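# Inside the fold
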Amino acid sequence: MSEVLIPKLKEKFSNIVLDSHSFRGDETVVIKLDALLEVCKYLRDDMGFEFLMDVTAVDYPGREKRFEVVYHFYSFINNYRLRVKVRVPESNPAVDSLMPLWSGANWFEREVYDMFGIRFSGHPDLRRILMYDEFVGYPLRKDYPLRKRQPRIPHPD
Amino acid sequence: MGLETLFGKSIITSKLDAVVNWARKFSFFQYPFVTACCGMEFMSVWASHYDIARFGAEFPRFSPRQADVLFVVGTVNEKMAPVLKRVYDQMCEPKWVVSFGVCATSGGFYDNYATVQGIDKIIPVDVYIPGCPPRPEAVLNALIRLQEKVSRESVLEKK
C-alpha cells in the first residue's frame with residue numbers, strides 16, 4: 001500500500017506536495033498551505049478518504065514556519081490511511097477550515113485553536129473547547145511557561 | 001448508676017457532644033464528587049465486598065444540600081474548580097471533606113497548566129487519602145479517621 005498514495009498525489013499535485021515520506025506503511029505528505037482545501041476535496045471525492053480521523057498540530061520553535069497542522073485521514077473502502085501536514089507561519093497562524101468537507105473537523109479545529117492559537121478560516125464557531133474562556137495564551141505552545149497557572153479561584157498561597 | 005435511677009429505666013445521662021457526635025459519625029450522607037478513575041475504586045468501597053454500609057456511610061446524596069461529607073474523587077482541573085467550590089458552599093454545616101486519591105490531594109502527576117494542585121487550594125479538607133488509586137482498605141481507614149475526628153468535635157463550637 002505504501003507505494004500507492006504518494007506517487008498518485010505527487011502526480012496529481014506536482015507543485016503542491018512539498019515533501020513526503022513513508023514509514024512502515026504510513027504515508028505522509030506535506031502540502032502547501034493554500035492548497036489544503038483543494039487537496040482534501042480530492043482526497044475525499046476521488047480517493048475515498050471519507051473519514052477525517054484527527055486534526056492536531058505540532059510546535060517547532062526553531063523553524064521558519066513554526067507550526068505544523070497534521071490531518072489524519074482514513075478510507076473505509078480501501079483501508080488506507082494518509083497523513084497530511086501543512087506548515088503554518090507564526091506571523092499569521094491561519095489555516096482553511098475543513099468544515100465544508102467534514103463536519104467532524106469542528107471540535108478538532110477548536111481544540112487546535114485552544115491549544116496552539118492557530119486560527120481556522122471559515123470555522124463557524126471558533127472558540128476554546130477545553131480551557132476556560134478567561135485563559136490567556138496557548139498552553140501547548142513550547143514557549144508557554146511550564147509552571148504558569150491561571151486559577152479561576154484565587155489560591156490562598 | 002446514681003442519678004439515672006431517679007428517673008426510672010428509660011433515661012440515661014451523657015454529654016451532648018458524645019450523643020450528637022455518635023449520631024453524626026455513624027450516619028454520614030456523602031456527596032460523591034467523582035471526576036476520574038478513582039471513582040472505580042470508590043464504587044468498589046461502596047459495593048458489597050468492602051461494604052461501606054458497615055460504617056453507616058453508604059447513602060449517597062446527589063444534592064449537596066442533603067449531604068454532610070464531600071468525597072472529592074479524582075482530578076480537579078481549573079475549569080472545574082468553581083463547580084467544586086459551589087458544591088461545597090451549598091452543603092449545610094456541619095460538613096466535612098475527604099480528598100480521595102493523589103490527584104485531588106496534590107494534583108498528582110498532573111503537574112500542569114490545567115490541574116488544581118490539590119483541592120485544599122479551593123476548599124478545606126479534613127482527611128486526605130493517598131494512592132493512585134487508593135485501595136478500598138485505605139478508604140475505609142480514612143472513613144474511620146474521619147469518624148474519630150468528628151467524635152472530637154463540639155456541637156457548641158463552630159468549626
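Definitions and limits used
- Residues numbered from 1 in each chain as written.
- Chains lettered and ligands numbered in written order.
- Predicted model: local features only at pLDDT ≥ 70, side-chain atom pairs only at ≥ 80, totals over all residues.
- Helix = DSSP H or I, 4+ residues; strand = E, 2+ residues; numbered from the N terminus.
- Contact = placed C-beta atoms within 7 Å.
- Pairing = 2+ DSSP bridges.
- Axes fitted to C-alpha atoms, helices over the stretch in contact; angles between N-to-C directions.
- Parallel < 35°, antiparallel > 145°, perpendicular 65-115°, else oblique.
- Left-handed = near helix turned anticlockwise from the far one by under 90°.
- pLDDT = per-residue confidence, 0-100.
- Nonpolar A, V, L, I, M, F, W, Y, C, P; charged D, E, K, R; others polar.
- Buried ≥ 20, exposed ≤ 12 C-beta atoms within 10 Å, placed from the backbone.
- Core = buried A, V, L, I, M, F, W, Y, C linked by C-beta atoms within 7 Å.
- Arc of directions from axis to C-beta.

For the rest of this paragraph, the subject is the overall build of chain A. Scanning chain A from N- to C-terminus turns up 3 helices and 7 strands. If you list the helices and strands of chain A from N to C, you get α-β-β-α-β-β-β-β-α-β. For chain A, the share of sequence-separated contacts (at least 6 apart) that also reach a separation of at least 24 residues comes to 45%.

Turning our attention to the sheet that holds strand 5 (residues 127-129) of chain B. Residues and elements named next belong to chain B. Here we have 5 strands laid out as an open sheet, ordered 2-1-3-4-5, and parallel in their pairing. In this open sheet, the two edge strands, each paired with only one partner strand, are strand 2 (59-60) and strand 5. With 3 bridges connecting them, strand 4 (residues 96-100) and strand 5 associate as parallel partners. Residue pairing in the sheet places Val-98 in a bridge with Val-127 of strand 5. The strands touched by helix 2 (residues 38-46) are strand 1 (29-34), strand 3 (69-73) and strand 4; relative to strand 3, the strand with the most contacts, the crossing angle is about 135°. Along the sheet, helix 5 (residues 136-151) makes contact with strand 4 and strand 5, crossing strand 5 at roughly 170°.

What follows deals with the packing of helix 1 (residues 16-25) of chain B against helix 5 of chain B. All names here are of chain B. Across the interface, helix 1 lies against helix 5 with an axial gap of 9 Å and an inter-helix angle of 160°. With respect to helix 5, the element helix 1 is oriented roughly antiparallel. The hand of the helix 1/helix 5 crossing is right-handed. On the side of helix 1, the interface is formed by Asn-21, Arg-24 and Lys-25, while helix 5 contributes Gln-147, Val-150 and Ser-151.

Next up on the list: the confidence of the model for chain A. With 97% of its residues at a pLDDT of 70 or more, chain A shows a mean pLDDT of 92. Averaged pLDDT values over the elements of chain A bottom out at 89 in helix 1 (residues 5-12) of chain A and peak at 96 in strand 3 (residues 51-59) of chain A.

Taken together, the 12 residues of chain A in the interface contact 8 residues of chain B. Counted by class, the side of chain A that touches chain B contains 7 nonpolar, 2 polar and 3 charged residues.

What follows deals with the pairing of strand 2 (residues 26-31) of chain A. Two faces, one strand: in a regular strand the side chains alternate between the faces of the sheet. Residues and elements named next belong to chain A. Covered by surrounding structure in strand 2 are Glu-27, Val-29 and Ile-31 only, the residues Asp-26, Thr-28 and Val-30 on the alternate face being uncovered. Counted along the chain from strand 1 (residues 17-23) to the antiparallel partner strand 2, the turn is 2 residues long, and its residue Arg-24 has a positive phi close to 50°. Of the strand pairs in this sheet, strand 2 and strand 5 (residues 80-88) are connected by 5 bridges, and their pairing is parallel. Counterpart to Glu-27 in the pairing with strand 5 is Leu-82.

All names here are of chain A. The mixed open sheet is built from 5 strands, whose spatial order is 1-2-5-4-3. Of all strands in the sheet, those with a lone pairing partner are strand 1 and strand 3, marking the two edges. Averaged over neighbouring strand pairs, the angle between their axes works out to 20° when direction is ignored. Alignment of strand 1 against strand 2, held across 6 bridges, turns out to be antiparallel. Looking at strand 2, one finds that His-21 is bridged to Thr-28. On top of the sheet, helix 1 reaches strand 1, strand 2 and strand 5; it is set at about 175° to strand 1, its chief contact. Packed onto the sheet, helix 3 (residues 105-116) meets strand 3 and strand 4 (67-75) and runs at close to 5° relative to strand 3.

Time to look at the nonpolar core. Counting 37 residues, the largest nonpolar core has Leu-70, Phe-71, Val-72, Val-98 and Phe-100 of chain B as the members making the most contacts within it. Contributions of two or more residues to this core are made by strand 1, helix 2, strand 3, helix 3 (81-90), strand 4, helix 4 (102-106), strand 5 and helix 5 of chain B. Those residues in contact with Phe-71 of chain B, other than ones at most four positions away along the chain, are Gln-30, Tyr-31, Pro-32, Phe-33, Phe-42, Val-98 and Phe-100 of chain B. Counting 32 residues, the second-largest nonpolar core is a separate cluster that includes Val-39, Leu-43, Phe-67 and Tyr-113 of chain A.

Turning our attention to helix 2 of chain B. Residue and element names in this part refer to chain B. For helix 2, the full list of buried residues reads Cys-38, Glu-41, Phe-42 and Val-45. Around the axis of helix 2, the buried residues are gathered within 105° of arc, so they sit on the same side. Those residues of helix 2 hidden inside the fold are in contact with strand 1, strand 3, strand 4 and helix 5.

The omega angle of the peptide bond from Glu-93 of chain B to Pro-94 of chain B is -5°, so this bond is cis rather than trans. The topology assignment puts Pro-94 of chain B in the loop between helix 3 and strand 4. In the segment running from Cys-132 of chain B into Pro-133 of chain B, the intervening peptide bond is cis, with an omega of -10°. On the secondary structure map, Pro-133 of chain B appears in the loop between strand 5 and helix 5. With phi around 55°, Asn-79 of chain A is a residue other than glycine that occupies positive phi space. Inspection of the secondary structure puts Asn-79 of chain A in the loop between strand 4 and strand 5.

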